[in-house]
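Residue-level listing of the chains:
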Amino acid sequence: MQKVNPYVSEVIERVEKRFPWEKEFIQAVREVLTSLSPVLDRNPIYKQMRILERIVEPERVYQFRVPWKDDKGNIQVNTGYRIGFNSALGPYKGGLRFHASVNLSILKFLGFEQIFKNSLTGLPMGGGKGGSDFSPVGKSDNEIENFCQSFMTALYRHIGANTDVPAGDIGVGGREIGYLFGQYRRLTNLYDGVLTGKGVKWGGSLIRPEATGYGAVYFCDEMLKTRGQSISGKIVAVSGFGNVAWGVCKKVTELGGKVVTLSGPDGCIYDKDGVKGEKIDYLLQMRASGRDRVQDYADKFKVEFHPGKRPWGIKCDLAFPCATQNELNEEDAKALLKNGCIAVTEGANMPVEPKAIDLFIENKVLYSPGKASNAGGVACSGLEMTQNSIRMQWSAAEVDKHLHQIMVNIHKACLEAAAEYGTPGNYQNGANIAGFLKVADAMIDQGNI
Ligand code: NDP
Ligand code: 2IT
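- The protein appears in an unreviewed UniProt entry as Glutamate dehydrogenase from Candidatus Ozemobacter sibiricus.
- Looking at the protein in UniProt, the text filed under Sequence similarities (unreviewed entry) is "Belongs to the Glu/Leu/Phe/Val dehydrogenases family."
- Its UniProt record gives the protein a comment under Subunit (unreviewed entry), which states: "Homohexamer."

This is the structure:
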């Protein structure tokens, strides 16, 4: 256990006291700030400038009513949110999540993480997040369009290509971004890079759909290289079956690994021959169907389905949790360790619970936090903003080259910061420290705001 700096403890306690019900936000704050202890020990300026109190307080939070009409003509009401957490490095940037579980605590945790993730990419982006408790599950296309139009009608006045640039997250993919962009354009009379994840025919970037998953695999490959290993020949457990899981399956397969699991709210599947080829394409259909069942995969391809189970009990070399927060606990970590797993790469945001992270680090499993290993998604969003600004579209190869280089750079920055501050090889500390330093220094340079 590392010693916690007293200023760090003071700020964590202050957040716990003020927002005791914001469990996910407190979890993220505790995780990041604890890692920063050695930085605060060595650099008193951050305490003098009250950087920690400032960085845990969002610059702004909008909450709004989203009324919409369902297919029966009934009026439905959801809550919409957009958090601008920190804009020291650039316009607020981060996804929108549409899921029944969404609340302010979850969005604050995601927005807070996004600050450090975006800093790690090296691109000029601040941190933000938003979404709604609207659940796309079982909704018709028409209902989704109605909802997106109403959401944007409330949000449009607060965002802009140089102010705040939303994108996708759980429940928000290309279709939703299309409806949101259309409504933004209609209301503002502007055609600009206000959203990322747009269709490639109308301002989107090639590789953006693949970017989070590809980036996570590139990052894992860099970690494996430090032990003289590679993705090739590895058995891989993946959770989720959404956008991130899909990208991971594509890249792992391309690099000669074999993905043997996927999961959904109903359970997990085990495909001993590997999730590959047309089976990967089928994931897109499963998401688009809005049925939210991974059992459909097992039925179609005649593979094992384990109802109510997570994939972590299945033997694998590499694990990629790609569904949602807190989906891999201490028991799951023990099972992975027992089965010889050597690397856990977070594709989702905060999927591994704190006790499980400690177990991985103690046992020298290569563990990377989402803010480092899933940064490829937002990095590619940053590249989409660049292309929109210069009014050009790069080739897939060009974008992929940048994406790969960014992931290599993030890996290097994490290792260097971890070593510099006394915990060599600890990607959790390295990511938090490297991400923090840039933002904190920018905040100091820009004065007391
Ligand atoms: P999708 O909507 O495409 O897929 C989400 C996946 O997570 C589905 O399999 C979904 O199943 C599952 N899931 C969501 N919420 C829960 C829950 N409460 N319990 C169990 N399973 C759940 O989303 P993405 O693939 O885009 O996002 C997955 C993760 O990756 C999230 O943590 C997201 O924040 C993160 N991420 C996404 C990026 C992106 O660019 N899209 C970038 C970086 C990180 P179900 O819907 O059935 O619950
Ligand atoms: O969590 C994330 O980094 C995302 N959902 C992507 C954000 C973005 O702006 O592309």
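### Focus on the pattern of salt bridges
Move 1: With the rule as written, the count across this model stands at 27 salt bridges.
Move 2: E222 is the partner of K225 in a salt bridge, and the nearest nitrogen-oxygen pair spans 2.8 Å. With K225 and E222 both in helix α9 (residues 208-225) and 3 residues apart, the pair spans about one turn of that helix.
Move 3: Residue class for K225 comes out partly exposed when judged on its relative accessible area of 48%.
Move 4: Relative accessible area serves as the criterion here: at 11%, E222 is assigned to the buried category.
Move 5: Through salt bridges with shared partners, one network takes in E10, R50 and E53.

### A word on the UniProt feature "binding site: NAD(+)" (unreviewed entry) in the protein
Move 1: With numbering matched to this structure, UniProt assigns "binding site: NAD(+)" (unreviewed entry) to T212 and N243. For the residues just named, distributed over 32 residues, the greatest C-alpha separation is only 8.1 Å, placing them together at one site.
Move 2: Position of T212 among the secondary structure elements: in helix α9.
Move 3: Discounting chain neighbours no more than four positions away, the residues touching T212 are N243, V244, G347, S373, N374, G376 and G377.
Move 4: Judged by its relative accessible area of 39%, N243 falls in the partly exposed class.
Move 5: Excluding residues within four positions of it along the chain, N243 makes contact with P209 and T212.

### Remarks on the site of ligand 2
Move 1: K93, K117, D169, R208 and S381 are the nearest of the 14 residues found near ligand 2.
Move 2: Between ligand 2 and G168 there is a distance of 3.0 Å, counted from a nitrogen atom to a backbone nitrogen or oxygen.
Move 3: D169 is positioned with one of its side-chain polar atoms (N or O) 3.0 Å from a nitrogen atom of ligand 2.
Move 4: Here ligand 2 loses 94% of its free accessible area of 290 Å² to cover by the protein chains.

### A few points about the packing of α9 against helix α16 (residues 375-390)
Move 1: In contact at an axis separation of 7 Å, α9 and α16 are set at 145° when each is read in the N-to-C sense. Handedness of the α9/α16 crossing: right-handed. Here α9 contributes R208, A211 and T212 to the contact with α16, which in turn contributes G376, G377, V378, C380, S381 and E384.
Move 2: Class assignment of the residues belonging to the contact of α9 with α16 gives a composition of 3 nonpolar, 4 polar and 2 charged.

### A few points about the site of ligand 1
Move 1: The full set close to ligand 1 counts 23 residues, and D169, N243, P265, D292 and N349 are the nearest of them.
Move 2: Within the contact set of ligand 1, an oxygen atom lies 2.9 Å away from a side-chain nitrogen or oxygen of R97.
Move 3: In the model, an oxygen atom of ligand 1 is placed 2.7 Å from a nitrogen or oxygen of the D169 side chain.
Move 4: Notes on ligand 1: free accessible area 860 Å², of which the protein chains cover 86%.

### Quick word on the packing of helix α7 (residues 141-155) against helix α8 (residues 174-188)
Move 1: Running from amino to carboxyl end, α7 crosses α8 at an angle of 45°, the nearest separation of the two axes being 8 Å. Considering the angle they form, α7 stands oblique to α8. The two elements α7 and α8 cross, and the hand of that crossing is right-handed. In this structure, α7 uses D141, I144, E145, C148, Q149, F151, M152 and T153 to contact α8, whose residues at the interface are R175, E176, Y179, L180, Q183, Y184, R186 and L187.
Move 2: Of the residues assigned to the contact of α7 with α8, the class counts are 8 nonpolar, 3 polar and 5 charged.

About the thresholds
- Residues numbered from 1 in each chain as written.
- Chains lettered and ligands numbered in written order.
- Predicted model: local features only at pLDDT ≥ 70, side-chain atom pairs only at ≥ 80, totals over all residues.
- Heavy atoms only, no water.
- UniProt positions renumbered as here; feature names shortened; annotations may be inferred.
- Salt bridge = Lys/Arg side-chain N within 4 Å of Asp/Glu carboxyl O.
- Helix = DSSP H or I, 4+ residues; strand = E, 2+ residues; numbered from the N terminus.
- Buried < 20%, exposed > 50% of the residue type's maximum accessible area, 1.4 Å probe, protein only.
- Contact = heavy atoms within 4.5 Å.
- Near = heavy atom within 4 Å.
- Polar contact = N/O pair within 3.5 Å; in protein donor to acceptor, adjacent residues only side chain to side chain.
- Areas by Shrake-Rupley, 256 points an atom, 1.4 Å probe, with all protein chains shown as cover.
- Axes fitted to C-alpha atoms, helices over the stretch in contact; angles between N-to-C directions.
- Left-handed = near helix turned anticlockwise from the far one by under 90°.
- Nonpolar A, V, L, I, M, F, W, Y, C, P; charged D, E, K, R; others polar.
- Parallel < 35°, antiparallel > 145°, perpendicular 65-115°, else oblique.

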